[in-house]
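Report on the structure
Listed here are the chains, written in short residue letters.
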Amino acid sequence: MNNISLDIENIRKDFPILTQEVYGKPLIYLDNAATTQKPRCVIQKMEEIYSTINANIHRGVHRLSQLSTESHEEARKTVQNYIHAAKPSEIIFTRGATESINLVASSFCRSQCKAGDEIILTAMEHHANIVPWQIQRDIYGIEIKVVPISESGEIDLKDIEERISSKTKFISVTHVSNVLGTVNPIGEIIRLAHSYNIPVLIDAAQSIQHIPLNTKELDCDFLVFSSHKMYGPNGLGVLYGKESWLDKLPPYQGGGEMIARVSFDKTTFNELPFKFEAGTPDYVGSAALAEAIRYIEKIGLENIRQYETVLFNYAKEKLSQIENIRFIGSPTLGSCSVISFLVGNIHPYDMGMLLDKLGIAVRTGHHCAQPLMDALGIEGTLRASFAFYNTKSEINALISGIERVTRIF
Ligand code: PMP
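Residues numbered from 1 in each chain as written. Predicted model: local features only at pLDDT ≥ 70, side-chain atom pairs only at ≥ 80, totals over all residues. Heavy atoms only, no water.

**Describing the domain arrangement of the chain**
- Domain parsing of the chain yields domain 1 (8–38 + 301–408) and domain 2 (44–297).
- For domain 1 versus domain 2, the distance between C-alpha centres works out to 28 Å.
- Every contact between the two is made by 40 residues of domain 1 and, on the other side, 32 residues of domain 2.
- When domain 1 packs against domain 2, close to 2900 Å² is buried across both sides, 59% of that on carbon and sulfur atoms.
- Looking at the side of domain 1 facing domain 2, the largest losses of area belong to L301, C336 and L372, adding up to 21% of the total buried there.
- Our count for the domain 1 to domain 2 interface comes out at zero salt bridges. (Domains from an automatic or database assignment. Contact = heavy atoms within 4.5 Å. Buried area = accessible area lost by both parts, 1.4 Å probe. Salt bridge = Lys/Arg side-chain N within 4 Å of Asp/Glu carboxyl O.)

**Regarding the packing of aromatic side chains**
- Summed over the entire model, instances satisfying the criterion amount to 13 aromatic pairs.
- Note on Y231 and Y389: the rings are 6.0 Å apart at their centroids and 80° apart in plane angle, and the pair reads as edge-to-face. With Y231 in the loop between strand 9 (222–226) and strand 10 (237–241) and Y389 in the loop between strand 17 (381–385) and helix 14 (392–408), the pair connects residues that are 158 residues apart, well separated along the chain.
- For Y389, a relative accessible area of 0% corresponds to the buried category.
- Aromatic ring contacts, followed pair by pair, group F15, Y231, Y295, F388 and Y389 into a single cluster. (Phe/Tyr/Trp six-rings, centres within 6.5 Å; stacked < 30°, edge-to-face > 60°. Helix = DSSP H or I, 4+ residues; strand = E, 2+ residues; numbered from the N terminus. Buried < 20%, exposed > 50% of the residue type's maximum accessible area, 1.4 Å probe, protein only.)

**Some details on the side chain of K242**
- As for its placement among the helices and strands, K242 is situated in the loop between strand 10 and helix 9 (243–248).
- Ignoring sequence-local partners within four residues, the contact set of K242 consists of E90, H194, D219, C220 and D221.

**Remarks on the state of the cysteines**
- Summed over the entire model, instances satisfying the criterion amount to zero disulfides.
- The thiol of C109 is unpaired, and the distance to the nearest cysteine sulfur, on C113, comes to 4.2 Å.
- Classification of C109 by relative accessible area gives buried; the value is 0%.
- Cysteine C220 remains unbridged, with the sulfur of C336 as its closest cysteine sulfur at 17 Å. (Disulfide = S-S within 2.5 Å.)

**Some words on a nonpolar patch on the surface**
- On the surface, a nonpolar cluster with roughly 250 Å² of combined accessible area is contributed by V131, I135 and I139.
- Secondary-structure assignment places V131 in helix 5 (residues 131–140).
- The class of V131 is partly exposed, set by a relative accessible area of 36%. (Patch = residues over 30% accessible without salt bridge, like charges linked within 9 Å, V, L, I, M, F, W, Y side chains within 5 Å. Areas by Shrake-Rupley, 256 points an atom, 1.4 Å probe, with all protein chains shown as cover.)

**Re the confidence of the model for the chain**
- When pLDDT is averaged along the chain, the result is 96; 99% of the residues meet or exceed 70.
- When pLDDT is averaged over each helix and strand of the chain, the minimum, 93, is found for strand 11 (residues 259–262) and the maximum, 99, for strand 9. (pLDDT = per-residue confidence, 0-100.)

**Topic: the packing of helix 12 (residues 348–357) against helix 14**
- Put simply, helix 12 and helix 14 touch, their axes get as near as 10 Å, and they point 120° apart. Relative to helix 14, helix 12 is oriented oblique. Pair helix 12 / helix 14 crosses with right-handed handedness. Touching M351, L354 and L355 of helix 12 are L398, G401, I402, V405 and T406, all from helix 14.
- Residues that form the contact of helix 12 with helix 14 fall into these classes: six nonpolar, two polar and no charged. (Axes fitted to C-alpha atoms, helices over the stretch in contact; angles between N-to-C directions. Parallel < 35°, antiparallel > 145°, perpendicular 65-115°, else oblique. Left-handed = near helix turned anticlockwise from the far one by under 90°. Nonpolar A, V, L, I, M, F, W, Y, C, P; charged D, E, K, R; others polar.)

**Here we look at the site of the ligand**
- The local shell around the ligand holds 13 residues, among which T98, D203, S226, H228 and K229 are the closest.
- Q206 places a side-chain nitrogen or oxygen 2.7 Å from an oxygen atom of the ligand.
- For the ligand, a nitrogen atom lies 2.8 Å from a polar atom in the side chain of K229.
- Coverage of the ligand by the protein amounts to 84% of the 400 Å² it exposes when considered alone. (Near = heavy atom within 4 Å. Polar contact = N/O pair within 3.5 Å; in protein donor to acceptor, adjacent residues only side chain to side chain.)

**A short note on the sheet that holds strand 14 (residues 338–343)**
- Pairing is antiparallel across the open sheet formed by four strands, whose spatial order is 13-14-17-16. Pairing within the sheet leaves two strands with one partner each, and these edge strands are strand 13 (325–327) and strand 16 (363–365). Each strand axis lies, on average, 35° off the axis of its neighbour in the sheet, ignoring direction.
- Running over the sheet, helix 12 touches strand 14, strand 16 and strand 17 and is turned about 40° from strand 17. (Pairing = 2+ DSSP bridges.)

Structure representation (structure tokens):
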């Protein structure tokens, strides 16, 4: 696949941070799975909102409040269209993927689970899709069943099915592993779960920026992601939930905005999506996220996917030529934008620190997936993760950086 439709040099000019030098070397930013850089239009959008229409939204009769409310609700529709949700009210703004999962775990277990019920997770989940369930487990006496991963870093549908029982209440699974890059067959997982009437949450934190997602076609019950991993601002996230589920679940937090009527005796709750949005929402962030989505759509997510695949394959091929490299996870069914590896006996932290001195930003450590590290029998990895603004020459620089560090050891 040879993508010629993306003009990367021009695209890079949209990202002010990419022109920086660190330690006198051009910045090579390969930590996109942790957070992505922001195009100028997103940064400008935030400035524009603060300088023109800033006012608390909903309920305000004055002009600025009306404009600000419109901007926030338009942003909700932009997110709705991006993931092909049936209704804007199925889009809940949260603080991030983490809060979205906490919301579902808390509201679902509180209303739908009793002692002895079971939740299924996989061994490759981020802590954000483990700990919220453990908190509920400890409150309600629920059990967590873990689907193992193969040596190549994949899960087997058979292993999910084996863990399903009459007590299974929920399956929560990542779309793309933030460590292994594995793309899980979420369509099949959802079909399997639904054949047993079990709802599914998809953690799309590592796929929303790379792979087109259609919640209607997928038929997932919940889907979560963070704005900052898709070129949008920090501190904002999304929970998509099917209306039928969101209607059924109780509120997660209480406060202003999420109520219909409050008295000291009794409070009734607002309609969707406001029932789940207690307090002043991040209406500046939502406008900037909508801008990020328009930016992605202008380039085209399919084009992005193609270009990133070329880049990923190039990186994998070049890296595999490094002596004593060991890839952590080599999924056969599909990988996405993340490569984890170790080189000889060099500690990932040492390699990461020395690469940093060359201006190369990669991540080292357990990547908030300690149970996965335990399953793999390692402490951590080096992780290079890509975005569409990365180039083959940056990957060449990574390779020569690694070779240089290897020579030092
Ligand atoms: N799930 C996955 C797969 C992730 O990679 C991350 C972020 N590293 C999260 C959830 C949590 O995202 P956030 O910290 O933005 O809430």
